[in-house]
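Each chain, written out:
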Amino acid sequence: MARKKMPKGRKEPVFDIGTSMAGALDLRLGDDDRTLTKPAKKRPAAKKATKPAKPPKSGNSAPRTRSKGKPAARGRKPARSARGRRRGLLPFLARTSGRLAYWGAVAGVWGCIVFAGMLGFYAAYLPPASEWEVPKRPPNVQIVSAAGALIGNRGETGGEAIRLEQVPPYLPQAIIAIEDRRFYSHFGIDVIGLARAMVTNITAGRLVQGGSTLTQQLAKNLFLKPDRTLKRKMQEVVLALWLENNFSKDEIIELYLNRVYYGSGAYGIDAAARRYYNKSARTLTIAEAAVMAGVLQAPSIYSPKRNPDRAEKRAQVVLMAMHREGFITEAEAANALASPAAISAARQTRGAEHYVADYALSEVKRLIGDIPNDLVVDTTIDMHLQEAAEDVIRTILDEEGETRGVAQGALVAIDRSGGIKAMVGGRDYGKSQFNRAVTAKRQPGSTFKPFVYLTALEQGFTPSSIRLDAPVRINNWRPTAPNGKYYGKVSLTTALAKSMNTVAATTAHTVGPANVVATAQRLGIQSKLRAHPSIALGTSEVTPLELTAAYVPFSNGGFGILPHVVRRIATKDGKVLYERDGSGPGAVIDPDHVGMMNHMLTESLKTGTGKRAALGDRPAAGKTGTTQDQRDAWFVGYTGHLTTGVWFGNDDGAPSRSASGSNLPAQSWRRFMEIAHKGLPPAALPGADMTRTAAVQPVAAPRRGGSAEESPVLPPEPGRVPGFLKRIFGGD
């Protein structure tokens, strides 16, 4: 049969192919394509079988042969081995990490560019860098006693500037440990700390940690306002870099110690140490240093004065940080934890020495004007007497103030030359900074009468001159006696000792109220006095300081004084700006009249209203005073060493229940003067032992009633020639 002719162009499959194409079409699995982790064990080959040649890894020189009886799988993706997967993962990770590194670097570069641009933009709001300088620290006025003991610091900071080498090393270390432990290694910005703070804040979802360095904090305190804005933060960074470039690390930490806020109104470490512990920063303990460092994070929260428990817990964190950084040993940390710092803020704010410091500062401004630099002010204050005066006033008020209806007291002590040795302006400085000793004007009552009798002596009277204690009318004014009791004819000495109102009033009327005013002003009263007949009973207001100062001439032989508390003002480097030369008004009382007055006022303590103020055998003199409705109670007295005035009353002028010059003031005066004169020899009062004056007239039994006609105003004794001072100062 004829063979069918095939269509032209058809190609039939050919199965007998040459070896050159066998490898190309071999679809059997190779070793690299198998999923087994270990190669299968080789089986012994059949005797007649021939081992196929192993194809090469690459190229076509050794083509693979198909397995006999096993057709090649078509359309199935061969499975990858573990090694293949690993080889595929590593390149992927390498490519991914490379891309991340690349784009991270790109982002970092752009971030730096943006950050630098922001710095430049906000820095443009600052003055030119050539004009930058650390602001001058507000001047501090250090006020010290006559013996050099610190009374107080005054100024905006409240403490002196301390050099780094003056404080114990653990003080700056405590601050570094808790605020900026990489302080000595960063360049003003702690990149590590900043990154850590960012991660912490992002994780917490709120601002819980800051990344500011000590240098940045200092820049903010020195140059910027505490605004929470991006502008302020960028400017803070710029200024921190400037500080690091212009100051050493030690200089920066010293500036930080002296400039930052430590809470409770204290700026600088010394002010804080004195506010919280009543001591210099030079003597702080480790436990106290930990409290100081802990306050810095939030002064209003961790102030030991406001929140002592929180301050102590924060201090414990600081101590652990100090130990972790190697600044203190484990034993030192344990001791500090076992003995927490004891706050002594009560004394720091209550102490009466602050009245002195305030007054001294006002005197400094009056004497030298503006305060250019840190100053040291030497005062006349004796701290032993100052503390005794405060204790006496506070104790008397605690014991009898409520019972007698008085809430406040004041005391001033002045030496023979006018130096103020002690001053108490009130019961508690912490509750009231009003200085009653200097500023409060109150009616002096009968403590004004010595000026009346001195004027009479200068016009010819003597201590034994007789006057009539009886009801009297002067113009339309009728002075009265306590309880309506009158003694009839008495000497001036007796009238002053017994504080007889009618005798003082008639004597003032006789010598002339204007002359009495002139005498008081000559001796030191500076307040305006009204020349009215009632001036004899102390109706014009004066301050305790000026009234006490006006008594000093009786104790020093008749020489006027200018009461003062400042002796010397100098800068910290010793440049003297002011020094008192001891000048005064000179003699203001004739020596004879000084002796007469001392004789009369001594009798007041022996037989008169001031008996509770007597100092035993020690010569002393003085006068009580009580105003209408017992609103003011006074005692002003002196020895040959010291003159002291005491006042008790109420700030609102409310009447007391039973306070008078003969009780609270006289008792306080005696207590204070006994302390002040301990160890001092007795000193005679000038002329008090004179023999030329007549003996004190005996006092008749008091009588009630009487009329104006029975008590005429007696004229001066005839035959007396006006004294030297009378001729100088004149008078009626």
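Rules of the game
- Residues numbered from 1 in each chain as written.
- Predicted model: local features only at pLDDT ≥ 70, side-chain atom pairs only at ≥ 80, totals over all residues.
- Heavy atoms only, no water.
- Helix = DSSP H or I, 4+ residues; strand = E, 2+ residues; numbered from the N terminus.
- Buried < 20%, exposed > 50% of the residue type's maximum accessible area, 1.4 Å probe, protein only.
- Contact = heavy atoms within 4.5 Å.
- Areas by Shrake-Rupley, 256 points an atom, 1.4 Å probe, with all protein chains shown as cover.
- Axes fitted to C-alpha atoms, helices over the stretch in contact; angles between N-to-C directions.
- Parallel < 35°, antiparallel > 145°, perpendicular 65-115°, else oblique.
- Left-handed = near helix turned anticlockwise from the far one by under 90°.
- Nonpolar A, V, L, I, M, F, W, Y, C, P; charged D, E, K, R; others polar.
- pLDDT = per-residue confidence, 0-100.
- Salt bridge = Lys/Arg side-chain N within 4 Å of Asp/Glu carboxyl O.
- Pairing = 2+ DSSP bridges.
- Phe/Tyr/Trp six-rings, centres within 6.5 Å; stacked < 30°, edge-to-face > 60°.
- Lys NZ or Arg CZ within 6 Å of the ring centre and 35° of its normal.
- Core = buried A, V, L, I, M, F, W, Y, C linked by side-chain atoms within 4.5 Å.

Our focus in this paragraph is the overall build of the protein chain. Regarding its fold elements, the protein chain presents 23 helices and 14 strands. Counting over 732 residues, the protein chain shows a buried share of 48%. Look at the contacts in the protein chain between residues 6 or more apart in sequence, and 72% of them connect residues 24 or more apart. Split by element, the accessible area of the protein chain, about 38,200 Å² in all, is 54% carbon and sulfur.

So, about the packing of helix α15 (residues 383-404) against helix α22 (residues 664-676). The contact between α15 and α22 brings their axes to 10 Å, and the two run at 155 degrees. Taken together, the axes of α15 and α22 are roughly antiparallel relative to one another. Our pair here, α15 against α22, has a crossing hand that is right-handed. Mapping the contact onto sequence places His 384, Leu 385, Ala 388, Ala 389, Val 392, Thr 395, Ile 396, Glu 399, Glu 400 and Arg 404 in α15 and Leu 664, Gln 667, Ser 668, Arg 671, Phe 672, Ile 675 and Ala 676 in α22. Considering only residue class, the contact of α15 with α22 consists of nine nonpolar, four polar and four charged.

What follows is about unusual backbone geometry. The phi dihedral of Asn 475 falls on the positive side, at around 55 degrees, and the residue is not glycine. Residue position: Asn 475 is located in the loop between β6 (466-469) and β7 (488-491). Judged by relative accessible area, which is 58%, Asn 475 ranks as exposed. Although it is not a glycine, Gln 630 adopts a positive phi angle of roughly 55 degrees. Relative to the helices and strands, Gln 630 resides in the loop between β12 (621-626) and β13 (632-638). Looking at Gln 630, the relative accessible area reads 28%, which means it is partly exposed.

Residues of the protein chain with pLDDT of at least 70 account for 75%, and the chain-wide mean is 82. The model gives residues 1-5 a pLDDT under 50, and that stretch makes zero contacts with residues more than four places away or in other chains. In the predicted structure, residues 691-732 sits below a pLDDT of 50 and forms 85 contacts with residues beyond four places in sequence or in another chain.

Take the pattern of salt bridges next. A full pass over the atoms with the stated rule returns 20 salt bridges. Here Asp 378 and Arg 568 are joined by a salt bridge, their closest N and O atoms 3.7 Å apart. Here Arg 568 lies in strand β9 (residues 566-571) and Asp 378 lies in strand β3 (residues 375-379), a separation of 190 residues in the sequence. With a closest N to O distance of 2.8 Å, Arg 436 and Asp 651 form a salt bridge.

As a further point, take the sheet that holds β3. Ordered in space as β2-β1-β3-β9-β10, the five strands form an open sheet in which the pairing is mixed. Only two strands of the sheet have a single neighbouring strand rather than two, namely β2 (150-154) and β10 (576-579). This sheet shows a mean twist of 15 degrees between the axes of neighbouring strands, independent of strand direction. Inspection of the sheet shows strand β1 (residues 141-144) paired to β2 by four bridges, in the antiparallel sense.

Given two aromatic rings, one states the distance between the centres and the angle between the planes to describe the pair. Tallied over the entire structure, the rule returns ten aromatic pairs. Judged by centre distance (5.1 Å) and plane angle (85 degrees), the rings of Tyr 355 and Tyr 429 are edge-to-face. Taken together, the residues span a long stretch of sequence, with Tyr 355 in helix α14 (residues 353-368) and Tyr 429 in the loop between β5 (420-424) and α16 (449-458) at a distance of 74 residues. On the basis of relative accessible area, Tyr 429 is assigned to the buried category, the value being 13%. Centroid distance Phe 451 to Tyr 551: 6.1 Å. Interplanar angle 80 degrees. Geometry classified as edge-to-face. Taken together, the residues span a long stretch of sequence, with Phe 451 in helix α16 and Tyr 551 in helix α20 (residues 544-556) at a distance of 100 residues. Relative accessible area serves as the criterion here: at 0%, Phe 451 is assigned to the buried category. Since its relative accessible area comes to 0%, Tyr 551 is described here as buried. Each member of the aromatic cluster is reached from another via a ring pair, and the members are Phe 448, Phe 451, Tyr 551, Phe 554 and Tyr 638. A cation over an aromatic ring shows up here: Lys 249 above the ring of Phe 183, its NZ or CZ 4.5 Å from the ring centre. The ring of Tyr 302 has Arg 314 sitting right over it, with the charged end atom 5.6 Å from the ring centre.

Take the nonpolar core next. One broad trend across soluble globular proteins is that nonpolar side chains are buried collectively. Phe 451, Tyr 453, Phe 554 and Met 597 are the most contacted members of the largest nonpolar core, which has 75 residues in total. Per element, the largest residue contribution to this core is seven residues, and it comes from α20. Residues within four places of Phe 554 in sequence aside, it is in contact with Pro 450, Leu 454, Leu 523, Ile 589, Val 594, Met 597, Asn 598, Leu 601, Tyr 638 and Pro 686. By size, the runner-up hydrophobic cluster in this structure holds 54 residues, among which are Val 238, Ile 253, Tyr 276 and Ala 341.

Counting buried positions along helix α9 (residues 286-295) gives ten out of ten residues, so the element sits mostly inside the fold. Considered for burial, the residues of α9 that qualify are Ile 286, Ala 287, Glu 288, Ala 289, Ala 290, Val 291, Met 292, Ala 293, Gly 294 and Val 295. Here the buried face of α9 lies against α3 (170-179), α8 (269-277), α10 (299-302), α11 (308-324) and α12 (330-338).

Moving on, we come to the sheet that holds strand β14 (residues 642-649). Strand order in the open sheet formed by five strands is β5-β4-β14-β13-β12, with antiparallel pairing between adjacent strands. With one partner strand each, in any of the chains shown, β5 and β12 form the two edges of the open sheet. On average, adjacent strands in this sheet sit at an angle of 5 degrees to one another, irrespective of strand direction. Looking at chain direction, β12 and β13 are connected through six bridges and run antiparallel. Its bridge partner being in β13, Ala 621 is matched across the sheet by Tyr 638. Relative to β14, α22 is tilted by about 145 degrees, and along the sheet it contacts β4 (408-415), β5, β12, β13 and β14.

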